[in-house]
There are 2 protein chains.
Amino acid sequence: MIPDTPDHSTDPAPRRARGRPRKTADERDDGNRRQDLLRAAARLFRQQGFAATSTRDIAAAAGMRSGSPFYHFENKEALLAAVMLEGMQRATGRQAGAMHAAAAAAGQTLSARDCLRVLVRNHLEVLLGAESDFIPVMLYEWRSLSEVQRQAVNELRREYEAVWVPVLQALHDSGELQGDPSLARLMIFGALNWAVQWFEPGRRSSLDDLTEAALQLFLKEAA
Amino acid sequence: MIPDTPDHSTDPAPRRARGRPRKTADERDDGNRRQDLLRAAARLFRQQGFAATSTRDIAAAAGMRSGSPFYHFENKEALLAAVMLEGMQRATGRQAGAMHAAAAAAGQTLSARDCLRVLVRNHLEVLLGAESDFIPVMLYEWRSLSEVQRQAVNELRREYEAVWVPVLQALHDSGELQGDPSLARLMIFGALNWAVQWFEPGRRSSLDDLTEAALQLFLKEAA
DNA sequence: CCTACCGATCGGTAGG
DNA sequence: CCTACCGATCGGTAGG
């Protein structure tokens, strides 16, 4: 209602110590506050879109006043870029972890088909799992970024997608994937990324169901 | 610069007849102006997003003053809904036309595979062809709509997608499409709709290329 | 459909 | 990180 003015109606003793705890140099909760902002921004940007979300909304969701986000981020756009970069770093880390874990759990070398299964399953988790606002924001708020920031995000994105390339190539070589692998990759990402628009957690299909459906849809029998 | 104030600097004789031609009752160019607004809105909503586009931008793009869009539409949201409804009506009409034309051109009955080819090709045309801002706006500005308007758009969308259902079912029955046809439909639409994000007209792949790549990716050999 | 305008909100900042 | 604030812009309207 009165965004810029603190509401003291429930606070009859305005002068008592409240809110902000004193920070000791050791605590360095700066990182925490920044993370709080990032999380709040990711959630709101996803729900309402970048342009429809005010920096005041974000500040409030992180328990701050309207001017405070600009202590952590130069401007609103930098906040968006940080959300995207954070999301891509997490996704790339998760992806590498999932591939290593699967290879360790199996004998040693995974079939290309099993590799794709791991990649698809991880991608769906990143898109649709809990704590999953960052990547959808990156996917659907692309145009709100400046050219420079777009390039930075794009770099991480290429890194993420590069893992898929040899897997799809191997599947193409074995005849399990038909057609240009590069176009196939774009269409597979489309099929998965689109789930952001319709997937409802805990309703009918699980992420495992989606993974199997995707493999069935995209892959042929090995020749 | 001074959005609300007309710039008369290039207009030394303010009183002469200019701009708006007298409309006779027969001309009824109301429809034209409304269409101009819809076209301008579709283009801007697609390029910048709904929230980032001002009604002033749209008015200017249609050659009007800032208040005039509200003569044709109750508010900004109604303009968005109109763009989406117009887009869905065109798409459904095109789709029906394409199916009939293909059936007439062939002997009489199309194979399920050929049906899918026609549907995919038409969908890509609607998404990526010339004059193709309306459907991308519908796909990517979903959340900016109120619940009531969302339902109206959804109705037309179900109608459009209903044509695909028996085709995919037939392909599933023949073994050419593996897995739950309902999940397959969602993923196929995702794969195609995602092309809005990366397709560049006249660069490398044509819409025909994409159509064939899609069929190769999704379909198996007939059993 | 234009003119002239209003109230609300927004991104961002200076100073502490 | 808060307070207090500014200039700009925005959706929308009355009256013609």
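Residues numbered from 1 in each chain as written. Chains lettered and ligands numbered in written order. Predicted model: local features only at pLDDT ≥ 70, side-chain atom pairs only at ≥ 80, totals over all residues. Heavy atoms only, no water.

In the annotation of an unreviewed UniProt entry, the entry for chain A reads HTH-type transcriptional repressor KstR2, and the organism field reads Hydrogenophaga pseudoflava.

Engineer: Break down the overall build of chain A for me, with residues and values.
Structural biologist: Within chain A, the regular secondary structure consists of eleven helices and zero strands. In chain A, once contacts between residues fewer than 6 apart in sequence are set aside, the share between residues at least 24 apart is 72%. Just so you have it, chain A exposes about 12,000 Å², and 50% of that area is on carbon and sulfur atoms. (Helix = DSSP H or I, 4+ residues; strand = E, 2+ residues; numbered from the N terminus. Contact = heavy atoms within 4.5 Å. Areas by Shrake-Rupley, 256 points an atom, 1.4 Å probe, with all protein chains shown as cover.)

Engineer: Describe the relation of the copies chain B and chain A, naming the residues involved and giving the relevant values.
Structural biologist: Take chain B, turn it by 180 degrees, move it 0.0 Å along the axis, and it overlays chain A with an RMSD of 0.0 Å. Such values leave the two copies arranged in the relation of a two-fold axis. Looking at the rotation axis and the C-alpha trace of chain B, the residue lying nearest is Ala191(B), at 2.1 Å. Of the interface residues in chain B, 100% have counterparts in chain A that sit at the interface too, so the contact is made through matching surfaces. (Least-squares fit on C-alpha atoms with pLDDT ≥ 70 in both.)

Engineer: Can you tell me about the packing of aromatic side chains, naming the residues and giving the values?
Structural biologist: Throughout the structure, instances matching the rule amount to ten aromatic pairs over all chains. For the pair Trp198(B) and Phe199(B), a centre-to-centre distance of 6.4 Å together with 70 degrees between the ring planes defines the contact as edge-to-face. You'll find Trp198(B) and Phe199(B) in the same group, each marked buried. Three or more aromatic residues joined by ring pairs form one cluster here, namely Tyr140(A), Trp194(A), Tyr140(B) and Trp194(B). One Lys or Arg, Arg90(B), reaches over the ring of Phe134(B) and ends 4.2 Å from the middle of that ring. (Phe/Tyr/Trp six-rings, centres within 6.5 Å; stacked < 30°, edge-to-face > 60°. Buried < 20%, exposed > 50% of the residue type's maximum accessible area, 1.4 Å probe, protein only. Lys NZ or Arg CZ within 6 Å of the ring centre and 35° of its normal.)

Engineer: Tell me about the UniProt feature "DNA-binding region" (unreviewed entry) in chain A, and please be specific about residues and values.
Structural biologist: Summarizing the sequence annotation, UniProt attributes the feature "DNA-binding region" (unreviewed entry) to residues 54–73 of chain A in the numbering used throughout. Structurally, residues 54–73 of chain A comprises 55% helix and 0% strand, and the distance from its first C-alpha atom to its last is 14 Å. (UniProt positions renumbered as here; feature names shortened; annotations may be inferred.)

Engineer: Lay out the interface of chain B and chain A in plain terms, naming residues and giving numbers.
Structural biologist: With 35 residues of chain B in contact, the opposing surface of chain A contributes 35 residues. For the pair chain B and chain A, the summed buried area comes to about 2,900 Å², and 68% of that belongs to carbon and sulfur atoms. Together, Met187(B), Trp194(B) and Leu217(B) form the three largest contributors to the area buried by chain B at its contact with chain A, with a combined 28%. At the surface where chain B touches chain A, the tally comes to two salt bridges. Residue Glu141(B) is joined to Arg143(A) by a salt bridge in which the shortest nitrogen-to-oxygen separation is 2.7 Å. (Buried area = accessible area lost by both parts, 1.4 Å probe. Salt bridge = Lys/Arg side-chain N within 4 Å of Asp/Glu carboxyl O.)

Engineer: Go over the domain arrangement of chain A with me, naming the residues and quoting the values.
Structural biologist: A common measure of how large an interface is: the accessible area buried when the components associate. Residue and element names in this part refer to chain A. Taken domain by domain, chain A consists of domain 1 (25–73) and domain 2 (75–218). When each unit is reduced to the centre of its C-alpha atoms, the spacing between domain 1 and domain 2 is 26 Å. Contacts between domain 1 and domain 2 engage 17 residues on the former and 20 residues on the latter. Buried surface at the junction of domain 1 and domain 2, both sides included, amounts to about 1,600 Å², of which 70% is carbon and sulfur. Together, Arg46, Phe50 and Phe73 form the three largest contributors to the area buried by domain 1 at its contact with domain 2, with a combined 42%. Across the domain 1-domain 2 interface, the total number found is six residue pairs in polar contact (both at pLDDT 80 or more). Those elements that provide at least two residues to the side of domain 1 that touches domain 2 are α1 (30–48) and α2 (55–61). (Domains from an automatic or database assignment. Polar contact = N/O pair within 3.5 Å; in protein donor to acceptor, adjacent residues only side chain to side chain.)

Engineer: Let's hear about empty space enclosed by the protein: which residues, and what values?
Structural biologist: Tallied over the entire structure, the rule returns one cavity of 30 Å³ or more. Its boundaries defined by the atoms lining it, the largest cavity holds a volume of some 130 Å³. If you trace the largest cavity, you find 17 residues lining it, with Glu141(A), Arg143(A), Ala51(B), Glu141(B) and Arg143(B) closest to the centre. Of the residues belonging to the lining of the largest cavity, the class tally is seven nonpolar, six polar and four charged. (1 Å grid on protein atoms, 1.4 Å probe; cavity = no way out; pocket = protein on both sides within 12 Å on 5 of 7 lines; lining within 4 Å. Points joined across faces, edges and corners; volume = space filled by probe spheres on them. Nonpolar A, V, L, I, M, F, W, Y, C, P; charged D, E, K, R; others polar.)

Engineer: Break down the UniProt feature "domain: HTH tetR-type" (unreviewed entry) in chain A for me, citing the residues and quoting the values.
Structural biologist: Under the present numbering, the feature "domain: HTH tetR-type" (unreviewed entry) in UniProt falls on residues 31–91 of chain A. Between the end C-alpha atoms of residues 31–91 of chain A there is a gap of 20 Å, over a span that is 74% helix and 0% strand.

Engineer: Could you give an account of helix α11 (residues 207–218) of chain A, naming the residues involved and the relevant values?
Structural biologist: Its twelve residues give α11(A) an end-to-end C-alpha distance of 16 Å, which sits within 8% of 16 Å, the value for a rise of 1.5 Å per residue. For α11(A), every residue scored as buried is listed here: Leu207(A), Leu210(A), Thr211(A), Ala213(A), Ala214(A), Leu215(A), Leu217(A) and Phe218(A). Contact partners of the buried residues in α11(A): α5 (112–128), α9 (181–193) and α10 (195–198) of chain A together with α9 (181–193) and α11 (207–218) of chain B. (Expected span 1.5 Å × (residues − 1).)

Engineer: Give me the packing of helix α8 (residues 164–173) of chain B against α9(B): which residues, what numbers.
Structural biologist: All names here are of chain B. Interaxial distance between α8 and α9 falls to 10 Å at its minimum, and their mutual angle equals 115 degrees. Here the hand of the crossing between α8 and α9 comes out right-handed. When α8 is examined against α9, the residues Trp164, Val165, Leu168, Gln169 and His172 are found in contact with a partner set consisting of Pro181, Arg185, Ile188, Phe189 and Leu192. Class assignment of the residues belonging to the contact of α8 with α9 gives a composition of seven nonpolar, two polar and one charged. (Axes fitted to C-alpha atoms, helices over the stretch in contact; angles between N-to-C directions. Left-handed = near helix turned anticlockwise from the far one by under 90°.)

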